[in-house]
Amino acid sequence: MHTATQTINPQSIPSPGLTDMKGKIIILSAPSGTGKSTIISRIIGDPRLRLGFSISATSRAPRGEEQNGREYYFITNEEFKERAERGDFVEWEEVYPGTCYGTLRSEVERVTTGGHNLIMDIDVKGGLNVKRCYGSDALAIFILPPSLEALEERLRGRGTDAEDRILKRLAKAEYELSFADRYDCRVVNDDLERASAEVAELIVRFIESGAKEEECASEA
């Protein structure tokens, strides 16, 4: 669920032994304000999907009552960069200088070998990197707004962002939308209940069939 500024080149990452994996990987990406997190919250309890989350690693210090291995894996910035060089991350980002977040390959394996399907709420670059790494064991779904105008209306309706921040979000959204056709499936969130149900059904079909690509009813 990060906005990646850097990602690991999958060409340099050794094979993660996909044939031993029991679960699948579900990637969800979308511009801010599209409703992706709400869709995940609606489907996470669906017993058909057997969804699980990974724990991200970060180089920042714990806050408040955060514990290592619960909210995040807390490691130093030096260790983070060393592990990134070794290819321990399937995706990572440096949000601020010295503050990195990423998904460890060991976490992907922990969730999937535990009998769950890993759902990943991540940005477009990280999502495509994970898809390249795991191929047919990953389903990449892009959540689209009905239009940029509708997205702008949603962002302004929140009443939480200043004008300059809204404009930055819209510019970023337009950039992220340019990656949508590189995802396996695209779902337009013009109705939250329908979009949530469609995402759930795409995941069910993917899990049951193991197909590399799905025929998506709502491709844009």
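All of these numbers come straight from a predicted model, not from anything done at the bench.

Overview of the overall build of the protein
1) Next: Looking only at helices and strands, one finds seven helices and nine strands in the protein.
2) Next: For the protein, with 220 residues in total, the buried portion stands at 50%.
3) Next: Put simply, 72% of the contacts in the protein that link residues at least 6 apart link residues at least 24 apart.

Details of the pattern of salt bridges
1) Next: Enumeration according to the criterion identifies 15 salt bridges in this entry.
2) Next: Here Asp 121 ties to Lys 36 by a salt bridge, and the two come within 2.2 Å at their closest N and O atoms. Within this pair, whereas Asp 121 is found in strand β7 (residues 117–121), its partner Lys 36 is found in helix α1 (residues 36–43), the two being separated by 85 residues in sequence.
3) Next: Looking at Lys 36, the relative accessible area reads 13%, which means it is buried.
4) Next: Each of Asp 46, Arg 48 and Glu 201 takes part in salt bridges that share partners, so that together they form one network.

Observations concerning the sheet that holds β7
Within a sheet, neighbouring strands are paired by backbone hydrogen bonds and run either parallel or antiparallel to one another.
1) Next: Spatial ordering of the open sheet is given by β2-β7-β1-β8-β9, a layout of five strands whose pairing is parallel. In this open sheet, the two edge strands, each paired with only one partner strand, are β2 (51–52) and β9 (185–188).
2) Next: As defined by bridge partners, strand β1 (residues 25–29) adjoins strand β8 (residues 138–144) across five bridges and the pair is classed as parallel. Across the sheet, residue Ile 26 finds its bridge partner in β8, namely Leu 139.
3) Next: Contacts between helix α3 (residues 105–113) and the sheet are confined to β1, β2 and β7, with β7 contributing the most and set at about 135° to the helix.

Brief notes about the pairing of β8
1) Next: The element β8 is extensively covered by neighbouring structure, given that seven of its seven residues are classed as buried.
2) Next: Alternating residues of β8 divide into Ala 138, Ala 140, Phe 142 and Leu 144 and Leu 139, Ile 141 and Ile 143, and every residue in both groups is buried.
3) Next: Where β8 meets β9, four bridges bridge the pair, whose relative direction is parallel. Opposite Leu 144, over in β9, you have Val 188 as the bridge partner.

Digging into the sheet that holds strand β3 (residues 57–58)
1) Next: If you trace the four strands from one edge of the open sheet to the other, you get β4-β3-β6-β5, paired in mixed fashion. What marks the edges here is a single partner per strand, and that holds for β4 (73–74) and β5 (89–96).
2) Next: Direction of pairing for β3 relative to β4: parallel, over a ladder of two bridges. Residue pairing across strands places Ala 57 opposite Tyr 73, the latter belonging to β4.
3) Next: Those strands touched by α3 are β4, β5 and β6 (99–104), and its axis lies near 40° from that of β6.

Details of the packing of aromatic side chains
1) Next: For the structure on display, the rule yields six aromatic pairs.
2) Next: Between the aromatic rings of Phe 80 and Phe 89, the centroid separation amounts to 4.4 Å while the plane-to-plane angle is 20°, which identifies the pairing as stacked.
3) Next: Look at Phe 89 and you get buried, because its relative accessible area is 0%.
4) Next: For the pair Tyr 175 and Phe 179, a centre-to-centre distance of 5.1 Å together with 80° between the ring planes defines the contact as edge-to-face.
5) Next: For Tyr 175, a relative accessible area of 39% translates into the label partly exposed.
6) Next: By way of ring pairs, the aromatic residues Tyr 72, Phe 74 and Tyr 101 are connected into one cluster.

Comments concerning unusual backbone geometry
1) Next: The phi dihedral of Arg 50 is positive, around 50°, even though this residue is not glycine.
2) Next: The residue Arg 50 is located in the loop between α1 and β2 in this model.
3) Next: A relative accessible area of 38% means that Arg 50 is categorised as partly exposed.

Points about the confidence of the model for the protein
1) Next: On average, the protein scores 85 in pLDDT, and the residues at 70 or more come to 85%.
2) Next: Under a pLDDT of 50 for its full length, residues 3–21 has, in the predicted model, 42 contacts with residues more than four places off or in other chains.
3) Next: The low-confidence segment residues 211–215, where pLDDT is below 50, has 14 contacts with residues more than four positions distant or belonging to other chains.

Quick notes on the rules
Position labels on residues start from 1 in each chain and follow its written sequence. With the structure being a predicted model, the display of local features is reserved for residues of pLDDT at least 70 and the display and counting of side-chain atom pairs for 80 or more, all residues being used for whole-chain, interface and lining totals. Calculated side-chain values reflect all of the structure's heavy atoms, with hydrogen atoms and water omitted. Here a strand is any run of E in DSSP of at least two residues, a helix any run of H or I of at least four, and the numbering for each starts at the N terminus. Between buried and exposed lies partly exposed: a residue is buried under 20% and exposed over 50% of the maximum accessible area for its type, with that area taken using a 1.4 Å probe on protein chains only. Only heavy atoms matter for contacts: two residues are in contact if any of them lie within 4.5 Å across the pair. In what follows, salt bridge is the name for a side-chain nitrogen of Lys or Arg lying within 4 Å of a carboxyl oxygen of Asp or Glu. Strand pairing is assigned whenever DSSP identifies at least 2 bridges connecting the two strands. In this description, a line fitted to the C-alpha atoms serves as the axis of each element, helices being fitted only across the stretch in contact, and the angle between N-to-C directions of two axes falls anywhere from 0 to 180 degrees. Only centres within 6.5 Å qualify two rings of Phe, Tyr or Trp (six-membered ring in Trp) as a pair; their planes then separate them into stacked at under 30 degrees, edge-to-face at over 60, and tilted for everything else. Confidence of the predictor in every single residue is expressed as pLDDT, which spans 0 to 100.

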